[in-house]
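Descriptive analysis of the structure
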Amino acid sequence: MADTSATFKVIIVGGGPVGLIAAHCLTKAGIAFEILEKRADSGYNAGTSSALWPQSVRVFDQLDLFDAVNKIQYPSKHKINLIGNGRVLNENDFYLEAGKAHGHPAMFLHRQELVDMLYEHLPGASKHVHYNKQVTGITTSPEPTIAGQEVTVTCSDGSTYHGSMVIGADGVYSTVRRLMNSKLGLPATGPKSNTEPMNTTYLGVFGSCKPLTIPHEAESKSSSKDAPTSDDGNGDSPQAEGKPMPADSFYETHGPKYAFQLGLHHTRTFFGVYHRIPTQPSSGSILPRREPYTEAEKEALAAQYADFHLSPWHTFSDAWKNQIWTHMAPLEEGVARIWFSGEDRIVLLGDSVHKHTPISGLGFNAGVQSAVVLTNLLHKALAGPGAIGKDELKSIFEQYQKRRIWFAKREADLSKRYTRAASWDNPLWKVLDRYILPRINGDTFLLKFVVSKIIKDSEVLDFVEEKNFREGHVKWKIGRVVLPKLETSKTA
């Protein structure tokens, strides 16, 4: 039996930011959903931050979420690049210029606040978002007698959920991807497996700490004269009480085989470490590590970088000793070869299918784009005269992968290259990042010729009118969405 818009239901596995934004898109399209989340509650990497680029802010505006997300953002306008001894390489208005170029601003968010906001503004969330639901199986009925029950998802507690299709938005270690691969008969390992599409050459330590302040003795502007001039990547900057750091600035430290980031929030400071793992000679990369890192491993890495600077005034140890929350994890990179199984009514979304190193802040934004494209295709099909059967759904999935995979690879490649440039992965990257890019304002160059192209080419919900359309001096590839007005019948 084929589905109509009245009976079509999507089971979303994964209740993180991407799963929730997919639910918002489906709600706008009038498509029913259920979210299954394995965690006990909405707590989601509570100490980390997320970036929202202008193309995603545009979609949030379509979803009537702009005011809500604007309230919880911590605005960053300026970017300060430095090296490990605290010496500033250059300063620029990267994030301010991104907003001017595209109309909508770039935003930084406390990820927990983002998840809470998306949940609180999702209609019917308390009824349709289910926690403590570890998915163990997905089965498809060959000839269902009831529309909307073509696929059944089983959880570890014995509960079952029925729908028309399954979205796997459950992260890089996706259970849905593993189950789908098994159904497709793919080998467990090797280049044709699709089981491990992500490789790992970096690991990260992310966290938040109490707000850092500028010591009273460091009253001058954040420039190279405020820090040692040697290039040894070391320094000593004890934290002392002083004036608040500039709230609209973002700091990024570059060095050999490492990079740091520091962002400022009104209640805490966020930090991240990107550490190059020694490459295995036989493979050139390291497969993702599934077992959690130990506290001892985390402390060892923190000690390794203790005297390296996160800002002109603070070393990593200043943040570490004032920590609120920390987490260590492998940083997977890659794009899956296979995104769906039409026969099994399964499709993948977000980190389960395209994963970036987070230094560029593109990961969640890529997930938003995938949710938009998939929803547009579903909405168009359900608005047509026919119903969606298995063949129609397979065609939708094929179009979805075809429209997104090139862009996903482009975004992943940018993140990969930027990570290696910032961490001086080889001598050429160091020369480029240390000596050439600062002379040509490299971040502004990157924005103009690379990042803006990704932003302007992005898609929007094509069935939601843009009442608050914004555009900067860079024109969107897809202009303002204006829906045709319905003609009213005239009476004689």
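Residue numbers run consecutively from 1 along every chain, following the written order of its sequence. Residues qualify for local features only when their pLDDT is at least 70, as the model is predicted, and side-chain atom pairs are given and counted only at 80 or more; totals for whole chains, interfaces and linings, by contrast, use all residues. Excluded from the side-chain calculations are hydrogens and water; all other atoms, namely the structure's heavy atoms, are used.

1. Comments concerning the sheet that holds strand E15 (residues 249–255)
The sheet built from eight strands is open, its strands ordered E5-E4-E15-E16-E17-E12-E18-E21 with mixed pairing. Strand pairing shows two members of the sheet lacking a second neighbour, strand E5 (88–92) and strand E21 (354–355), which therefore form its edges. A strand pair is defined by DSSP finding two or more bridges across the two strands. Every helix listed is a DSSP run of H or I at least four residues long, and every strand listed is a run of E at least two residues long, numbered separately from the N terminus.

2. Examining helix H7 (residues 175–183)
Accessible area is worked out with a 1.4 Å probe on protein chains only. A residue is then buried under 20% of its type maximum, exposed over 50%, and partly exposed in between. When H7 is considered as a whole, its buried residues turn out to be Thr175, Val176, Arg177, Leu179, Met180 and Asn181. Those residues of H7 hidden inside the fold are in contact with strand E1 (9–13), strand E8 (135–140), strand E11 (165–168), strand E19 (340–341) and strand E20 (346–348). As used in this structure description, the phrase polar contact means that two N or O atoms lie within 3.5 Å; if the pair is within protein, one of them must be able to donate a hydrogen and the other to accept it, and residues adjacent in sequence are counted only when both atoms belong to side chains. Sitting at the amino-terminal end of H7 is Ser174, which places a side-chain oxygen 3.3 Å from the backbone nitrogen of Val176. Downstream of H7 by a residue or two, Gly185 has a phi angle that is positive, lying close to 70°. Whether two residues are in contact is decided by their heavy atoms, any of which lying within 4.5 Å being enough.

3. Regarding the pairing of strand E9 (residues 151–155)
Burial within E9 is extensive, with four of its five residues counted as buried. In this structure, E8 lies alongside E9, joined through five bridges in antiparallel fashion. Opposite Gly137, over in E9, you have Thr154 as the bridge partner. Here E9 pairs with strand E10 (residues 160–163) via four bridges, running antiparallel. Bridge pairing links Thr154 to Thr160 in E10.

4. Some thoughts on the sheet that holds E11
With mixed pairing, the six strands of this open sheet are ordered in space as E7-E2-E1-E11-E20-E19. The open sheet has two edge strands, strand E7 (129–130) and E19, and neither has a second partner. Examined bridge by bridge, E1 and strand E2 (residues 32–36) share five bridges and lie parallel to one another. Considered in E2, the bridge of Val13 is made with Leu36. Here, axes are lines fitted to C-alpha atoms. For helices the fit covers the stretch in contact, and angles between N-to-C directions go from 0 to 180 degrees. On top of the sheet, H7 reaches E1, E11, E19 and E20; it is set at about 130° to E20, its chief contact.

5. Some remarks on the nonpolar core
By nonpolar core is meant a set of buried Ala, Val, Leu, Ile, Met, Phe, Trp, Tyr and Cys residues that side-chain atoms within 4.5 Å join together. Ile12, Phe60 and Met165 are the most contacted members of the largest nonpolar core, which has 81 residues in total. With nine residues, helix H10 (residues 363–382) is the largest single contributor of residues to this core. Apart from the residues lying within four places of it in its own chain, the contact partners of Phe60 are Ile21, Leu52, Leu65, Phe66, Val69, Leu114, Met117, Leu118 and Phe364. Listed in part, the 28 residues of the second largest apolar core include Tyr251, Phe260, Leu262 and Trp313.

6. Digging into the side chain of Glu332
Secondary-structure assignment places Glu332 in strand E18 (residues 323–335). A polar contact of 2.9 Å, which involves the side chain of Glu332, links it to the side chain of Tyr173.

7. Quick notes on the layout of surface pockets
Lining residues are those with an atom within 4 Å of a point, where the points come from a 1 Å grid over the protein atoms alone and group into cavities, where a 1.4 Å probe fits but cannot get out, or pockets, open sets with protein on both sides within 12 Å along at least five of seven lines. Grid points are joined across faces, edges and corners, and a volume is the space filled by probe spheres set on the points. What the second largest pocket holds in volume is close to 380 Å³. In terms of lining, the second largest pocket is formed by 20 residues, of which the most central are Tyr418, Ala421, Leu432, Leu437 and Leu446. Mapped onto the lining of the second largest pocket, the elements with two or more residues apiece are E5, helix H11 (390–422), helix H12 (427–436) and helix H13 (442–456). Counting residues per element, the lining of the second largest pocket draws most heavily on H11, at six residues. Any residue outside Ala, Val, Leu, Ile, Met, Phe, Trp, Tyr, Cys, Pro, Asp, Glu, Lys and Arg is labelled polar, Gly included; the first ten of those are nonpolar and the last four are charged. Grouping the amino acids of the lining of the second largest pocket by side-chain chemistry returns eleven nonpolar, four polar and five charged.

8. Notes on unusual backbone geometry
With the exception of glycine, the majority of residues adopt a negative phi angle, and the majority of peptide bonds are in the trans configuration. Despite not being glycine, Arg345 has its phi angle at roughly 60°, a positive value. Here Arg345 lies in the loop between E19 and E20. Relative accessible area serves as the criterion here: at 4%, Arg345 is assigned to the buried category. At Asn441, a residue that is not glycine, the phi angle is positive and equals roughly 55°. With respect to the helices and strands, the residue Asn441 is situated in the loop between H12 and H13.

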